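Here is how the chains run, residue by residue.
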Amino acid sequence: MATAAIRIYALMWVMSMAPLVYAATEYLMSKAMDNSNLSISWTGRRVMLNRLTLIELST
C-alpha cells in the first residue's frame, strides 16, 4: 500500500512541475527571440475571444 502512495505523490510532483518547466522554457525562448529580433508572424495578430465565465453561464 505504501508503494501506491509513493507513486501517487511522484505523479503529483511531476504534474505540478510540468507547467513550471513549460513557463520557464517559454519565457527563455521569448527572451532569446527578442534579443535576436525574431518573431512568429501569427502571434502579433491574435484575436481575443470572448469566453463565458461560470457566472455568465449560470445567469
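Residues numbered from 1 in each chain as written. Predicted model: local features only at pLDDT ≥ 70, side-chain atom pairs only at ≥ 80, totals over all residues. Heavy atoms only, no water.

**Comments concerning the overall build of the chain**
What counts, and what does not: Runs of H or I in DSSP of at least four residues are treated as helices and runs of E of at least two as strands, each being numbered from the N terminus. Computed with the Shrake-Rupley method and a 1.4 Å probe, the accessible areas treat only the protein chains shown as cover for residues.
Counting its secondary structure elements, the chain contains 2 helices and 0 strands. Accessible surface, the chain as shown: approximately 6200 Å² in total, 67% of it carbon and sulfur.

**What about helix α1 (residues 2-35)?**
Filter applied, for reference: Helix span, as expected, comes to 1.5 Å for every residue beyond the first.
Helix length check: α1, at 34 residues, gives a terminal C-alpha distance of 49 Å against a target of 50 Å (1.5 Å per residue), a fit within 8%. One or two residues past the end of α1 sits N37, with phi positive at roughly 55°.

**A look at unusual backbone geometry**
Applicable threshold: Relative accessible area decides the class of each residue, using a 1.4 Å probe on protein chains only: under 20% of the type maximum gives buried, over 50% gives exposed, and in between gives partly exposed.
Even without a glycine there, the phi angle at N37 is positive, about 55°. Counting through the fold element by element, N37 comes out in the loop between α1 and α2 (54-58). For N37, a relative accessible area of 72% puts it in the exposed group.

**Some remarks on a nonpolar patch on the surface**
To be explicit about the condition: Only residues whose relative accessible area exceeds 30% and that form no salt bridge are eligible for patches; like-charged ones are grouped when within 9 Å, while nonpolar side chains (Val, Leu, Ile, Met, Phe, Trp, Tyr) are grouped when within 5 Å. Should a side-chain nitrogen of Lys or Arg be within 4 Å of a carboxyl oxygen of Asp or Glu, the pair is scored as a salt bridge.
A grouping of I8, Y9 and M12 is seen on the molecular surface, where their side chains present a nonpolar patch of about 350 Å² in accessible area. Relative to the elements of secondary structure, M12 occurs in helix α1. Using a relative accessible area of 48% as the deciding quantity, one classes M12 as partly exposed.

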